[in-house]
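Read off the chains here:
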Amino acid sequence: MIVIGERLNGMFKDVGKAIVEGDPAVIRDLAQRQLDAGANVLDVNVGPTAEDAVGAMKWLVETIREVTEAPLAIDSTKFDVVRAGVERAGPTSMINSTPGDEARLDRYMPLAAEFGCDIIALTIDEKGIPRDANGRMEIAMRIVEKAMLNGVDLERIYIDPVIIPCNVPDAGHHPGEVLETIRQVKLISDPPPKTTLGLSNVSQGTSERHLINRTYLVMCLAAGLDSAIVDPLDTELMNAVTTAELLMNQSVYCDDFLRAHRR
Ligand code: THG
């Protein structure tokens with residue numbers, strides 16, 4: 001699984017504070033610790049409160065680049081913020097994320113083509129998040145069509161079926177519909193697009209966050225999920241990923257498989 005580390009997000013108090021105070025040590029430390037814990041990509045999000053979001057994104061990316069050239073997932077709902085981040089992060093960056101409506105895809109796909117970067121697209125449009133897998137697949141198909149029209153390779157596309165908190169009233173069917181979407185996305189094209197998920201959304205506001213996160217992640221991996229935005233500092237979560245990969249025959253068993261994998 002491609003691990004996208006979620007911790008460099010202004011939604012977290014320590015990161016939000018570091019952005020306001022311009023304190024690079026907190027940012028550098030979180031970048032390094034996530035990579036040491038097994039992150040392949042670092043998600044970078046200035047959070048909801050930054051006054052100058054473009055300036056904050058530039059500062060975050062430049063600060064992270066002082067310690068690593070690892071791929072960054074530039075995470076913002078604002079086009080100008082995404083562009084500023086991708087320009088500074090370089091060619092290994094990802095765009096995270098574009099909603100799947102016509103208008104936004106027509107802006108974001110050319111940006112992905114221009115910078116040659118991967119792009120996460122959400123199965124959400126002007127009508128919101130679909131109730132079921134069928135609705136999500138309609139949007140996924142539009143995303144694939146727009147990628148092809150703009151010359152973006154389908155291996156560069158990550159479809160995110162959008163998971164919402166499992167405690168939302170009348171939304172208990174969403175985790176199952178997201179699993180079904182993960183399976184069906186693989187049937188769209190050959191080669192198919194990849195899939196990803198903002199895993200921690202599923203447990204927001206619950207009292208068993210770690211247990212819910214890792215149980216659901218393993219279910220998603222069994223359905224074929226390629227990547228997820230997760231907290232790599234959650235050791236039990238990362239051990240569950242390693243174990244799921246072992247059980248899906250993606251690595252060879254030895255008694256010391258957790259330690260061997262970490263090394
Ligand atoms: N899809 C894509 N990108 C995403 C999401 C998604 N990016 C953002 C988010 N969703 C994934 N990242 C997080 C990061 C943090 C939390 C959830 C998802 C989280 N934060 C604590 C909370 O809200 O309770 C903050 C706690 C604190 O203040 O310390 O849960 O779905 N493509």
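What you see is a predicted model, and the numbers here were worked out from it, not measured in a lab.

Thresholds applied
Residues numbered from 1 in each chain as written. Predicted model: local features only at pLDDT ≥ 70, side-chain atom pairs only at ≥ 80, totals over all residues. Heavy atoms only, no water. Helix = DSSP H or I, 4+ residues; strand = E, 2+ residues; numbered from the N terminus. Expected span 1.5 Å × (residues − 1). Buried < 20%, exposed > 50% of the residue type's maximum accessible area, 1.4 Å probe, protein only. Contact = heavy atoms within 4.5 Å. Near = heavy atom within 4 Å. Polar contact = N/O pair within 3.5 Å; in protein donor to acceptor, adjacent residues only side chain to side chain. Areas by Shrake-Rupley, 256 points an atom, 1.4 Å probe, with all protein chains shown as cover.

Participant: Summarise helix α9 (residues 235-247); cite the residues concerned and give the values.
Facilitator: Since there are 3.6 residues in each turn of an α-helix, residues three or four apart along the chain are aligned in direction. Taking 1.5 Å of rise per residue, 13 residues should cover 18 Å, and α9 covers 18 Å from first to last C-alpha, within 8% of that figure. For α9, the complete set of buried residues consists of Leu 237, Met 238, Asn 239, Ala 240, Val 241, Thr 242, Ala 244, Glu 245 and Leu 246. On its buried side, α9 packs onto β1 (2-5), α8 (209-223), β8 (227-230) and α10 (257-262). Two residues or fewer past α9, Asn 249 is found with a positive phi of approximately 65°.

Participant: An account of the environment of Val 3 is requested, with residue identities and associated values reported.
Facilitator: With respect to the helices, strands and loops of the structure, Val 3 is situated in strand β1. The spacing of Val 3 and Ser 227 is 224 residues in sequence and 5.9 Å in space, taken between C-alpha atoms. Setting aside residues up to four positions removed in sequence, Val 3 forms contacts with Gly 38, Ala 39, Asn 40, Val 41, Ala 228, Val 230, Pro 232 and Met 238.

Participant: I'd like to hear about the site of the ligand, residue by residue, with values.
Facilitator: In the neighbourhood of the ligand, 15 residues make up the surrounding shell, with Asp 75, Asn 96, Asp 160, Asn 201 and Arg 209 lying closest. Here Asp 75 contributes a side-chain N or O atom positioned 2.8 Å from a nitrogen atom of the ligand. Note that a nitrogen atom of the ligand is positioned 2.8 Å from one of the side-chain N or O atoms of Asn 96. Expressed as a share of its isolated accessible area of 670 Å², the protein-covered part of the ligand is 78%.

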